[in-house]
Amino acid sequence: MKIAVLVKQVPDTATRIALAADGASIQTSGIKWVLNPYDEFAIEEALKLRDAHTGEVVLVSFGPDRVEETIRQGLAMGADRAIWVKEEPSGSAEMDYLGRAQVLVAALAQEAEWDLVLVGKQAVDDDAAQTGPLVAALLNWPQAMVVLGLEVDARARRLKVIRELEGATERVELPMPAVLGAQRGLNVPRYPTLPNIMKAKRKEVRQVALADLGLDAASLADDRRVVVEGYQLPPPRPEPKVLTGDPAEAAAELVQLLHREAQIL
Amino acid sequence: MPKPGDYYDVEALYLPEERQVRDVVRRFVADRVLPNAGRWWQEGTFPMELVPEMARLGCFGPTLPEQYGGAELSPVAYGLMMQELEYGDSGLRSFASVQSSLAMYAIYRWGSEEQRRQWLPRMAAGEVIGCFGLTEPDAGSDPGGMQTRAVRTAEGGWRITGAKRWITNGSVAQVAVVWAKTSGEPADAIRGFVVPTDAPGFSTAMIKTKASMRMSVTSELFLDQVEVPEAARLPGARGLSGPLSCLTQARYGIAWGTIGAARACLDEALAYTGTRMAFGRPIAATQLVQERLVGMVSRLGAMQLTAHRLGQLHQVGALSHQQVSLAKRDHARAALDIAREARELLGGNGITTDYGPMRHAANLETVDTYEGTYEVHTLAVGRDITGHNAF
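Here the structure is a predicted model, which means the values were calculated and not measured.

### Re the nonpolar core
Line of reasoning, step 1. Within the largest apolar cluster, 156 residues are counted, with the highest numbers of intra-cluster contacts made by V5, L159 and L180 of chain A together with M81 and W179 of chain B.
Line of reasoning, step 2. In terms of residue count, helix α7 (residues 241–275) of chain B provides more of this core than any other element does, 13 residues in total.
Line of reasoning, step 3. For V5 of chain A, the residues in contact, after removing those within four places along its chain, are D39, A42, I43, A46, V57, V58, L59, V60 and L118 of chain A.
Line of reasoning, step 4. Formed by 30 residues, the second largest nonpolar core is a distinct cluster that contains L104, V179, L213 and L220 of chain A.

Written out as structure tokens, the structure reads:
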């Protein structure tokens, strides 16, 4: 099986986000960048499939210089090679989800015979959950997102997928090739081992410029239909109210507050 | 904003793969070690179930060539691995130090190709645990005063008799690198032997009364006319330089490992003093506490910069054993001081194993002493800078 895993570099979930002066982007200095956690489930699933059916796992990513470290992290988990569409520092930040999906699809189109495209069901930076569905639509392939279980019948080229719904699971069947979006719980991602971290340095990471794909950042940005107008941080938590004094009076006051202010009684 | 645990942003000096090694070991320690470290320490047991996991991760002999099961880590990556293991517990780091830098390194550096192939891959896989027998009940700082003797047998092999003490992993090891005096010239009489611990006449006893390094197995080895073939002798090692070269590797790992213990204590001290209220404010808002926290950050930053420089020197083969001595001496002592400070800042809670500092401080008493005491390293550097031997 030839499997592509689309991977994205995102701020570590422990990052304290600060807004940039324009209010429509975040300050990127001092951020620790990591592999999107949902992409780890996608990579793990791809590695398991490769090991069961032979073949190769190719990471595909779009991003600036700093993403190489994230790509190498995926290679250290065991992926075989990577295609890295290099994002120039200026210009492409204006692309919308569709524009970025077009870039990934153009990168995939450079090679033939993909059996499966795996992706995290969403990236934890913008939580848009758009990449999987848009890539599937552009490829005109079937898709299943929020995948909790996967069975591959390689001979019949059919997939049996368990999807997570709110309070239930759904079983769907679809043909290959397809796009699948990995949910937490699909598997337990392996630790990259120390030998594999060192071997990942020698694995192929093919750099591709947007121009090599027949695309340019300015037109993709011009064509965007979704524009981020601004970000707002959540309001600061109000000061907690501490009740003191006689326990009986404090309890009575607490009941009153739960009724009047919190309105949960 | 600078991070308290890396105030000078030293991590920017590490290569990407070095950061990855650090992060992977950090995650392993957070998941598998920190939740139970206090209990293991209290119970005085080493968690043997971690051995295959550490092996799978690649923690044993990680700097060795791939053909022997190593990962060919850079010295900085190796140091960062040790740092993260010791963030968990000095006993955990000691296990990896002895397996990698003492037992495996001795076989790699001084062993024959056959000995390397026989032992190293299985040691890297954690199937064979090694220990290193140099120190004796009556010979610690003066290893040349060892009493263990190896004499030739009629069959051309060796018969070894003696006792070794303070041997990490001694009672759980399948193989021991034992250093003994032969009847040759005094200057090069010391030889190393790779001794299977199930050889007739070989026995061990665990030292159970330790109030320090309780997660680590520390033993005495007894060799009562243990016979080994000539093929068990490490052919490359002659004289004290054999074992001392291994100690330099291990001490390099200690210079890094102690950073982990120190950072663990700083993290807990910051978290605790930031939330512990006294007189209506967090105690971190008081001048006395801030002065101590800043002192910890200051010493930690110096350790991190020094360790990185040691790594650079090691990488290009320019690291002297005296430089390693100075760093081992200073870092073990600094980490011990930091752990004691953290213990005090945690007040009564600080004396329990519900928190790390008391456990780390107790462990670091050992780290300050083993692999060359503070005083021995002082004299090694003193001799180096003055030209006068004051041992």
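### Section: the interface of chain B and chain A
Line of reasoning, step 1. Counting residues at the interface gives 23 residues for chain B, matched by 17 residues for chain A.
Line of reasoning, step 2. Overall, the association of chain B and chain A removes approximately 1600 Å² of surface from exposure, summing both partners, and the carbon and sulfur fraction of that is 59%.
Line of reasoning, step 3. Broken down residue by residue, the surface that chain B buries against chain A is led by E17, Q20 and R27 of chain B, which jointly contribute 34%.
Line of reasoning, step 4. Applying the counting criterion to the chain B and chain A interface returns five salt bridges.
Line of reasoning, step 5. For E40 of chain A, the salt bridge goes to R27 of chain B, with nearest N and O atoms at 3.7 Å.
Line of reasoning, step 6. For the interface between chain B and chain A, the tally reads six residue pairs in polar contact (both at pLDDT 80 or more).
Line of reasoning, step 7. Secondary structure elements with two or more residues in the side of chain B that touches chain A: α1 (16–33) and α3 (50–57) of chain B.

### Quick notes on the packing of aromatic side chains
Given two aromatic rings, their pairing is described by the distance between the two centres and the angle made by the two planes.
Line of reasoning, step 1. Across all of its chains, the model carries 11 aromatic pairs over all chains by this definition.
Line of reasoning, step 2. Taking the ring centre of W110 of chain B as reference, the NZ or CZ of R109 of chain B above it sits at 4.0 Å.

### Considering the sheet that holds strand β1 (residues 2–6) of chain A
Residue and element names in this part refer to chain A.
Line of reasoning, step 1. Spatially, the nine strands line up as an open sheet ordered β9-β8-β7-β10-β6-β1-β4-β5-β11, and their pairing is mixed. Taken across any chain shown, the strands that pair with only one partner, and hence form the sheet edges, are β9 (168–175) and β11 (205–209). Strand after strand, the sheet turns through a mean of 30° between neighbouring axes, direction not considered.
Line of reasoning, step 2. Relative to β11, strand β5 (residues 81–86) runs parallel, the two being bridged by five bridges. Looking at β11, one finds that K86 is bridged to A209.

### A closer look at unusual backbone geometry
Residue and element names in this part refer to chain A.
Line of reasoning, step 1. Cis geometry marks the peptide bond from M176 to P177; its omega dihedral reads 0°.
Line of reasoning, step 2. Relative to the helices and strands, P177 resides in the loop between β9 and β10 (178–182).
Line of reasoning, step 3. Of note in the backbone geometry, N140 takes a positive phi value of approximately 60° without being a glycine.
Line of reasoning, step 4. In this structure, N140 sits in the loop between α4 (131–139) and β7 (143–153).

### Looking at the side chain of R359 of chain B
Residue and element names in this part refer to chain B.
Line of reasoning, step 1. The residue R359 is located in helix α10 (residues 357–369) in this model.
Line of reasoning, step 2. Residue class for R359 comes out buried when judged on its relative accessible area of 6%.
Line of reasoning, step 3. Within the local environment of R359, its side chain forms a polar contact with the side chain of D89, the two groups lying 2.6 Å apart.
Line of reasoning, step 4. Excluding residues that lie within four positions of it along the chain, R359 makes contacts with A37, G38, W41, G88 and D89.

### A word on the environment of L186 of chain A
All names here are of chain A.
Line of reasoning, step 1. Its location among the elements puts L186 in the loop between β10 and α5 (194–200).
Line of reasoning, step 2. Put simply, L186 and E44 are 142 residues apart on the chain and 9.0 Å apart in space, counted from C-alpha to C-alpha.
Line of reasoning, step 3. Excluding anything up to four places from it in sequence, L186 contacts F41, E45, V147, L148, G149 and L150.

### Thoughts on α1 of chain B
Line of reasoning, step 1. Over its 18 residues, α1 of chain B extends 25 Å from the first C-alpha to the last, a length consistent with the 26 Å expected when each residue adds 1.5 Å.
Line of reasoning, step 2. On the buried face of α1 of chain B, the contacting elements are α2 (67–77) and α5 of chain A together with α2 (37–43), α3, α4 (75–88) and α5 (90–110) of chain B.

### Side note on the side chain of R116 of chain B
Line of reasoning, step 1. Structurally, the position occupied by R116 of chain B is in helix α6 (residues 113–124).
Line of reasoning, step 2. The contacts of R116 of chain B, once residues within four sequence positions are left out, are Y68, I107, Y108, G111 and P121 of chain B.

### Points about the pattern of salt bridges
Line of reasoning, step 1. Under the definition given, this model contains 46 salt bridges over all chains.
Line of reasoning, step 2. Of the charged contacts in the structure, one is a salt bridge between R159 of chain B and E227 of chain B, with a shortest N-O distance of 3.2 Å. Here the residue R159 of chain B occupies a position in strand β3 (residues 158–168), and E227 of chain B occupies one in strand β7 (residues 218–228), the gap between them amounting to 68 residues.
Line of reasoning, step 3. For R159 of chain B, a relative accessible area of 26% puts it in the partly exposed group.
Line of reasoning, step 4. Overall, the relative accessible area of 44% leaves E227 of chain B in the partly exposed class.
Line of reasoning, step 5. One salt-bridge network, held together by shared partners, links K2, E56, R81, E111 and R206 of chain A.

Basis of the calculations
- Residues numbered from 1 in each chain as written.
- Chains lettered and ligands numbered in written order.
- Predicted model: local features only at pLDDT ≥ 70, side-chain atom pairs only at ≥ 80, totals over all residues.
- Heavy atoms only, no water.
- Core = buried A, V, L, I, M, F, W, Y, C linked by side-chain atoms within 4.5 Å.
- Buried < 20%, exposed > 50% of the residue type's maximum accessible area, 1.4 Å probe, protein only.
- Helix = DSSP H or I, 4+ residues; strand = E, 2+ residues; numbered from the N terminus.
- Contact = heavy atoms within 4.5 Å.
- Buried area = accessible area lost by both parts, 1.4 Å probe.
- Salt bridge = Lys/Arg side-chain N within 4 Å of Asp/Glu carboxyl O.
- Polar contact = N/O pair within 3.5 Å; in protein donor to acceptor, adjacent residues only side chain to side chain.
- Phe/Tyr/Trp six-rings, centres within 6.5 Å; stacked < 30°, edge-to-face > 60°.
- Lys NZ or Arg CZ within 6 Å of the ring centre and 35° of its normal.
- Pairing = 2+ DSSP bridges.
- Axes fitted to C-alpha atoms, helices over the stretch in contact; angles between N-to-C directions.
- Expected span 1.5 Å × (residues − 1).

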